Amino acid sequence: MNLVQKDELRNIAIIAHVDHGKTTLIDQMLSQSGTLDEKNRIDRVMDSNDLEKERGITILAKNTSISLPNAKINIVDTPGHMDFGGEVERTLQMVEGFLLLVDAAEGPLPGTRFVLQKALALNLKPLVFINKIDRKDADIKRVESEINDLFLDVATDESQLDFPILYGSSKLGFASTDPLIKSGNINPIFDAILNHVPSPKSKSDFLQLLITNLDYSDYMGRIGIGRIFSGEIKIGDQVICCKDRQQSPSMRVTKLYKFEGVTKKEVGYAKYGDIIAITGFENEITIGTTICNHEKPFPLKYVAIDEPTLSVNISVNNSPFSGREGKLLTSRQIRERLFKELKTNVALRVEETNSADTFKVSGRGQLHIGILVENMRREGFEVAVSAPEVIYKEINGQKCEPYEILTINIDSQYQGIVMENLGSRKAELKNMEPYGENKIKMEFIIPARGLIGFRSQFVTNTRGTGLINHRFAEYKPYAGQIQGRVNGSMISMENGIVTAYALDGLQPRGMLFVYPTTETYQGMIIGEHNRENDIDVNPTRKKKLTNMRAAGSDDSVKLAPPKQMSLEESLEWINNDELIEVTPKSIRLRKKFLKAVDRKRNKS
């Protein structure tokens, strides 16, 4: 059969490491093409999720389109953080090509390699954009050489080594084929897409629509978002949902939408190459489903998603403060929410445990799991979260664990202390090279266990100046015991209100996590002890009142600001005998066993 080609359409993904300018470039593409009215322009318009706006990173893959005089470009915006690799893997199937962004100073990082490897494995047509060439520390020649080396390393076919390179700045809104030109517009990117990315092709006459994303509307119910690979579809058609060997009853298409800029436009008809949203289905439609003609049920192959490497236990909050701040508390409500997440979060795994109140949740990393818990607390849930544990596998009769490739960029003066800390975590140095002025880039392979708790220590060791990135490498034999957190906890031995007087006496013993007037309970962690052992303290102690005055005794208390732990920092910090109490208003740290006598009994 001759292939039918749709010349006026291009489907492309934009991929990059975190913070290399991907979402800013899409803003410029929407604006300079005239798709998005300048009066209604919003910076980082694709970061629509509240958490994306707050953190400045892309978490969910999203679709948009750009209208040019003679063509339309469908764009998929993908996350750059490897914890959200499931979003990347399922959406790259929708396109024929990709635009890889690389920072002109930082060069390719682990996230760059990760997304590039996934894209080339699907045989997508590559384009490269070296971004931020206006940076003072930009080193375009070095970065270009590193990009070529990276493609040589991960390409699956010789044809993938032939790609155009453009240079420019997403922030300033220009691109060029010449690195010396630092002004203009981004039309060269549009030209490169139209000239180098192939048009969609249909290999058959029957319908095959692969669903790669889900949305929901209170009025229309479940909405499937996907790409039509062959055939055509219109409102009123009778279709079926196919996945693996399962088929649904015949159903009728009620609504069709195409993406126009950052909105959806209702249409009556769509055909191969189009990325659309579709309604008329309830529980039958899931990610990976192929919508087919009812007389030709031929599902498309769905790309395999990498397995999780890290797990936590999420359980009912049983602390003394349970129910004070949240509305959704029961194991039934938590169970429903976690299993609902599986419908859209394809890289997540949820398992029931021996306890009806506890669920094992496995994901790609601490950020992947942390974002889920953060969303739950904003929805009104109260939960308790355990310390993360890596997922072990038995390979050829040998216990194996996940290893990560760790890349760090630091000032050379911090090299010694960083390497000392990594050595104690079983890290093995693979490569080291100087760059810039007194800076070093080092690459290690390290057990994933060794990275738990390392980030906060790294920030302290490098005075906040270092860059750290890592990506999953492979499963290798178990590396043996790795020392976890060195310092113990300061644990409240009383219920009550924290006083400034008590904290003033506790300051010399370690770093505090609470303010005066904070309400505490027995077993709650109020700080980090500066020694290895845990210590029970009374943060509610009040100053005894007397009618005698002594010189200097009535001076005002001076407290250092306490450390406010975020959810991800808490996941890094806690030990196996500790929990994070997560509510809509608070994040508290606590011991699993609140009473000291119970802790001693279970320790022995």
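Residues numbered from 1 in each chain as written. Predicted model: local features only at pLDDT ≥ 70, side-chain atom pairs only at ≥ 80, totals over all residues. Heavy atoms only, no water.

Peer 1: How should the overall build of the protein chain be read in this particular structure?
Peer 2: Helices and strands together make up the secondary structure of the protein chain, namely 14 helices and 38 strands. Here the protein chain holds 604 residues, and the buried ones make up 52% of them. In the protein chain, of all internal contacts separated by at least 6 residues, the share reaching a separation of at least 24 is 71%. By element, 47% of the accessible surface of the protein chain is carried by carbon and sulfur atoms, the whole surface being about 28,500 Å². (Helix = DSSP H or I, 4+ residues; strand = E, 2+ residues; numbered from the N terminus. Buried < 20%, exposed > 50% of the residue type's maximum accessible area, 1.4 Å probe, protein only. Contact = heavy atoms within 4.5 Å. Areas by Shrake-Rupley, 256 points an atom, 1.4 Å probe, with all protein chains shown as cover.)

Peer 1: Explain the nonpolar core here, please?
Peer 2: Buried together is how nonpolar side chains tend to be arranged in soluble globular proteins. Judged by nonpolar contacts, the single largest core of 35 residues is most densely connected at Phe-98 and Ile-130. Phe-98 has contacts with Ile-12, Ala-13, Ile-15, Leu-116, Ala-119, Leu-120, Leu-124, Lys-125, Pro-126 and Leu-127, leaving out every residue within four places of it along the chain. By size, the runner-up hydrophobic cluster in this structure holds 26 residues, among which are Val-385, Ile-525, Met-565 and Leu-567. (Core = buried A, V, L, I, M, F, W, Y, C linked by side-chain atoms within 4.5 Å.)

Peer 1: Help me understand the environment of Glu-260, please; the structure alone is not making it clear to me.
Peer 2: When you line up the elements, Glu-260 lands in strand β16 (residues 255–260). Overall, Glu-260 belongs to the partly exposed group, its relative accessible area being 29%. Placed 196 residues apart in sequence, Glu-260 and Thr-64 show a C-alpha to C-alpha distance of 6.6 Å. Dropping the residues within four chain positions of it, Glu-260 is found in contact with Ser-65, Ser-67, Lys-72 and Lys-265.

Peer 1: How should I be thinking about the packing of aromatic side chains in this particular structure?
Peer 2: In this description, an aromatic ring pair is defined by two values, namely the gap between the centres and the angle between the planes. What the rule picks out here adds up to six aromatic pairs. Ring centres 5.9 Å apart and planes at 70° place the aromatic pair Tyr-392 and Tyr-478 in the edge-to-face group. One end of the pair, Tyr-392, is in the loop between β25 (389–390) and β26 (393–395); the other, Tyr-478, is in the loop between β30 (467–477) and β31 (489–492), and 86 residues separate them in sequence. The class for Tyr-392 is partly exposed, based on a relative accessible area of 34%. Its guanidinium or amino end placed over the ring of Tyr-392, Lys-399 lies 4.4 Å from that ring's centre, counting from NZ or CZ. (Phe/Tyr/Trp six-rings, centres within 6.5 Å; stacked < 30°, edge-to-face > 60°. Lys NZ or Arg CZ within 6 Å of the ring centre and 35° of its normal.)

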